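# Descriptive analysis of the structure
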Amino acid sequence: MLDDFFKYQAQTSPHPLAMEISHAKGSYIYDTNNKEYLDFVAGVSACTLGHNHPKVVTAIKSQLDKYMHVMVYGEYIQKPAIELAKLLAKNLPKSLEKTYLTNSGTEAIEGALKLAKRATGRSEIIAANKAYHGNTMGAMSVMGFEERKQAFRPLLPNIKFINFNKELDLKHITSKTACVILETIQGGAGFIVPSNNYLQKVQKRCNEVGALLIFDEIQPGIGRTGKLFGFQHYNCTPDILVTGKGLGGGMPIGAFTASAELMDLLSDNPKLGHITTFGGHPVIAASALATLQEVTAGNLIEQALEKEQLFKKLLVHPLIKDIRGKGLMLAIITPSKTITNTLILKCKDAGLILFWLLFEPKAVRITPPLTISNKEITKGCNIIIKILDDILQEK
Ligand SMILES: Cc1ncc(COP(=O)(O)O)c(C=O)c1O
């Protein structure tokens, strides 16, 4: 399969990990040599309940037996999508009431940006340096990392960048601004959490000038940070909430949620303001509904904070300079890019999956399934410490 992988499947980088997957269960992924890997990455924050969670699998199978795609998004009444949107609303502040379901996170970002333009009649968008919101043209336009987007210009016009957590920059948000889009916790930048009531201050400024506030919760969302959504830590509420990844329970999804008043603008003048064939797909929605039910019904969310403490207790080493993030969205910062690379690759050989962050070469991603056990956390951290000891000795 290795040759065919490189020959027929388009690649995203010259050096993919190229593990040949056989199956996955719980916190483990197995390759075709039946080697077991403890998964500290969860498909990049996507597999909230681990791999093949029985409730998610049952929900998918039972929906498969009823119907799959029957019509484009929004025309027919399909129970899984409605129940999912309703459960989201039940768990969100009152103003976040109506959800549009998409096929991916980046597509939900497109929808959110369009909604902000449509609602305000303005075109300026403000985003943050080192932000990542996806890879379609609109989402890429609000990515705060020039090196990765230069080759694809021209992108959307009228985008301005501010520095995350820098209060002084808020003056750039004016009555010309349609929206400010921010990750609640910056992912690609190195899991940077908002400090000093930053998000509240952004919200206040947006309210003053009539700009909409969009929070991208595609990564922190669905319980990962110790609240169902990251913004719930920070005493503020966006006008538009974007989710994805972990909402799908291992299936492809995106969603944006807003007030009915805002969201209804997409259906009229012009009608069909945002359309999709497969968004809200019944099988995907059934998987997401089972995932959201499990996360909100049990105590996985509170446990995320306890598990964070366990990681922080175990991951003490001279080569760990910092641990950033919140809950089970953590990043180890090593002294150098080389150490980070060595650690990730040697851990993989030792049966532990770690991964990089997009724009911070010293960071090592730790975003395990929320269902990971304390025993599995201890086992993985022991592997990390052992490899770091080896690296230190070789220096
Ligand atoms: C914060 C954030 N926004 C948007 C996206 C894009 O989501 P997708 O890859 O599903 O299009 C991602 C994916 O990594 C993300 O982390």
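The shown structure was predicted, so the numbers you read here are calculated from the model rather than taken from an experiment.

## Comments concerning the overall build of the protein
- Assigned secondary structure in the protein consists of twelve helices and 15 strands.
- Against the compact-globule benchmark of 21 Å for 395 residues, the protein has a radius of gyration of 21 Å, which places it among compact chains.
- Across the 395 residues that make up the protein, the buried fraction comes to 49%.
- The long-range share in the protein, meaning contacts at least 24 apart out of those at least 6 apart in sequence, stands at 74%.

## Brief notes about the domain arrangement of the protein
- When the domains of the protein are assigned, the result is domain 1 (2–52 + 299–394) and domain 2 (54–297).
- Listed as interface residues are 27 residues of domain 1 and, on the opposing side, 30 residues of domain 2.
- Where the side of domain 1 that touches domain 2 is concerned, the elements lending two or more residues are α2 (42–45), α10 (300–314), β11 (322–326) and β12 (329–333).
- The element that contributes the greatest number of residues to the side of domain 1 that touches domain 2 is α10, accounting for four residues.
- Of the residues in the side of domain 1 that touches domain 2, the class split is 16 nonpolar, eight polar and three charged.

## Section: the site of the ligand
- Taken together, 16 residues lie around the ligand, and S104, G105, T106, G134 and I218 are the ones closest in.
- Top contributing element to the shell around the ligand by residue count: helix α5 (residues 105–120), with three residues.

## Observations concerning the sheet that holds strand β1 (residues 21–25)
- The four strands are arranged β1-β2-β3-β13 in an open sheet whose pairing can be described as mixed. Edge positions in the open sheet fall to β1 and β13 (352–353), since each of these has one partner strand only.
- Relative to strand β3 (residues 36–39), strand β2 (residues 28–31) runs antiparallel, the two sharing three bridges. In the sheet register, Y30 faces β3, and the bridge partner there is E36.

## Thoughts on the nonpolar core
- With 111 residues, the main nonpolar core has C179, V180, I214 and L354 as its most contacted residues.
- Examining the composition of this core, we find that eight residues originate from one element, helix α9 (residues 282–297), more than from any other.
- When we break this core down by domain, the ones giving at least three residues each are domain 1 (2–52 + 299–394) and domain 2 (54–297).
- Each residue touching I214, except ones within four places of it in the same chain, is listed here: A112, A116, C179, V180, I181, P238, D239, I240 and V242.

## Quick look at the sheet that holds strand β14 (residues 355–356)
- The strand order β11-β12-β15-β14 describes an open sheet built from four strands, whose pairing is antiparallel. Edge positions in the open sheet fall to β11 and β14, since each of these has one partner strand only.
- Pairing analysis gives four bridges linking β12 to strand β15 (residues 363–366), with the strands arranged antiparallel. Bridging from a neighbouring strand, A331 pairs with R365 of β15.
- Those strands touched by helix α11 (residues 337–349) are β14 and β15, and its axis lies near 35 degrees from that of β15.

## Here's the deal with the pairing of strand β10 (residues 254–258)
- Counted residue by residue, β10 has five buried out of five residues, so it is predominantly covered.
- Of the two faces of β10, the one carrying G254, F256 and A258 and the one carrying A255 and T257 are both buried.
- Both strand β4 (residues 98–102) and β10 contribute to a ladder of five bridges, which runs antiparallel. Counted as the bridge partner of K98 is A258 from β10.
- When strand β9 (residues 240–244) meets β10, the two strands line up antiparallel, connected through four bridges. Within the sheet, the bridge partner assigned to V242 lies in β10 and is F256.

## Observations regarding the environment of T58
- With respect to the helices, strands and loops of the structure, T58 is situated in helix α3 (residues 54–66).
- Considered as a pair, T58 and A18 are 40 residues apart in the sequence and their alpha carbons are 30 Å apart.

## A short note on the packing of α10 against helix α12 (residues 374–394)
- At a minimum axis separation of 10 Å, α10 and α12 run at an interaxial angle of 25 degrees. By the angle between their axes, α10 is roughly parallel relative to α12. The chirality of how α10 crosses α12 is right-handed. In this structure, α10 uses K307, L310, F311 and L314 to contact α12, whose residues at the interface are N374, I377, T378 and C381.
- Grouping the constituent residues of the contact of α10 with α12 by class yields five nonpolar, two polar and one charged.

Conventions adopted
- Residues numbered from 1 in each chain as written.
- Predicted model: local features only at pLDDT ≥ 70, side-chain atom pairs only at ≥ 80, totals over all residues.
- Helix = DSSP H or I, 4+ residues; strand = E, 2+ residues; numbered from the N terminus.
- Rg over C-alpha atoms; globule rule 2.2 N^0.38 Å.
- Buried ≥ 20, exposed ≤ 12 C-beta atoms within 10 Å, placed from the backbone.
- Contact = placed C-beta atoms within 7 Å.
- Domains from an automatic or database assignment.
- Nonpolar A, V, L, I, M, F, W, Y, C, P; charged D, E, K, R; others polar.
- Near = placed C-beta within 6 Å.
- Pairing = 2+ DSSP bridges.
- Core = buried A, V, L, I, M, F, W, Y, C linked by C-beta atoms within 7 Å.
- Axes fitted to C-alpha atoms, helices over the stretch in contact; angles between N-to-C directions.
- Parallel < 35°, antiparallel > 145°, perpendicular 65-115°, else oblique.
- Left-handed = near helix turned anticlockwise from the far one by under 90°.

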